[in-house]
Amino acid sequence: TRALPGTEAICGYAGGVRTMAAGNIQQGLAVELIAGETTVGETTPLRFRVTRKPQEEPVDDLQVEHEKLMHVIGVRTDLREFIHIHPERVSPGLWQVNHVFTNAGQYQFWTDIKHRGVVYSFAQPPLTVAGNLVKLGADKIPKLEDVKARFRIALEMPGEIIAGHTNLLLVKIHNREGTQVGTEFFLGALMHVVVIKDDLTVYAHGHAGNHL
């Protein structure tokens, strides 16, 4: 059974997607991460300021995309920690979420918002989390096939992955009886897929379809 891509393979495809580094924006819509000293095990307020440059005018008229006004996705730079959080508006142009980091290291965040029909992904400057670095055991390292919550999940590539071409990725899920199962809607999609290059220079947030 093939799990073919859905009609909206890339988040916001119908209106376009713009990906940019937050620190390089001199004009237009911008989202900037504001965070102070960050330590493992302590509650850290992560604030995101949404403005229009160069006037620094606060922007509040974000649009709901996949049931939220803002999605923040982060990874540790070794790609062994993954975070998906949703800040909420606390004042004009300012969004906040409290987060507790469970492991030290350097983290890269991307902020996804939708404004006037266009989805934007802003790459934030790296954030350093102080504290003890816990090395993950072999059972915690991501694999192409793994067992989670009694489900076996496998990522397959039927052919060679080629840059600049349309590539097919298959995600197969089986229950403990070995029967292939589908997925249910979560945050407005049957499956969320985040693709991040190992040097953190490429980020894409897409959605797979459920075809049993």
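## Overview of the confidence of the model for the protein chain
Right, on to step 1. Per-residue confidence for the protein chain gives a mean pLDDT of 86; residues scoring 70 or more make up 88%.
Right, on to step 2. Low pLDDT, under 50, characterises residues 1-15; the stretch is placed with 42 contacts to residues that sit more than four places away or in other chains.

## What about unusual backbone geometry?
Right, on to step 1. Going from lysine 53 to proline 54, the amide bond is cis rather than trans, its omega being 5°.
Right, on to step 2. Residue placement: proline 54 occurs in the loop between strand S5 (43-53) and strand S6 (57-58).
Right, on to step 3. Non-glycine residue histidine 66 carries a positive phi angle of around 55°.
Right, on to step 4. Within the secondary structure, histidine 66 is located in the loop between S6 and strand S7 (71-76).
Right, on to step 5. A residue is classified by how much of its surface remains accessible, and histidine 66, at 12% relative accessible area, is buried.
Right, on to step 6. Positioned with a positive phi, alanine 149 is a non-glycine residue whose angle comes to about 50°.
Right, on to step 7. With respect to the helices and strands, the residue alanine 149 is situated in the loop between strand S14 (145-148) and strand S15 (151-156).
Right, on to step 8. The class for alanine 149 is exposed, based on a relative accessible area of 63%.

## Some thoughts on the pattern of salt bridges
Right, on to step 1. This model, assessed by the stated rule, comprises 13 salt bridges.
Right, on to step 2. In this structure, the salt-bridge partner of glutamate 32 is arginine 49, at a minimum N-O distance of 2.8 Å. Residue glutamate 32 is found in strand S3 (residues 28-34), and its partner arginine 49 is found in strand S5; the two are separated by 17 residues along the sequence.
Right, on to step 3. The exposure class of glutamate 32 is partly exposed, given its relative accessible area of 22%.
Right, on to step 4. Measuring nitrogen to oxygen at the nearest pair gives 4.0 Å for the salt bridge that ties glutamate 56 to arginine 49.
Right, on to step 5. The partly exposed category is assigned to glutamate 56, whose relative accessible area is 33%.
Right, on to step 6. The network of salt bridges with common partners includes Glu32, Arg49, Lys53 and Glu56.

## Structural notes on the sheet that holds S15
Strands belonging to one sheet form pairs held by backbone hydrogen bonds; the direction of such a pair is parallel or antiparallel.
Right, on to step 1. Ordered in space as S14-S15-S16, the three strands form an open sheet in which the pairing is antiparallel. Of all the strands in the sheet, the pair left with one neighbour each is S14 and strand S16 (170-174). Strand-to-strand twist of the sheet, defined as the mean angle between neighbouring strand axes without regard to direction, takes the value 20°.
Right, on to step 2. Pairing of S14 with S15 involves four bridges; the strand directions are antiparallel. Each residue of the ladder has a partner; that of valine 147, found in S15, is arginine 152.

Definitions and limits used
- Residues numbered from 1 in each chain as written.
- Predicted model: local features only at pLDDT ≥ 70, side-chain atom pairs only at ≥ 80, totals over all residues.
- Heavy atoms only, no water.
- pLDDT = per-residue confidence, 0-100.
- Contact = heavy atoms within 4.5 Å.
- Helix = DSSP H or I, 4+ residues; strand = E, 2+ residues; numbered from the N terminus.
- Buried < 20%, exposed > 50% of the residue type's maximum accessible area, 1.4 Å probe, protein only.
- Salt bridge = Lys/Arg side-chain N within 4 Å of Asp/Glu carboxyl O.
- Pairing = 2+ DSSP bridges.
- Axes fitted to C-alpha atoms, helices over the stretch in contact; angles between N-to-C directions.

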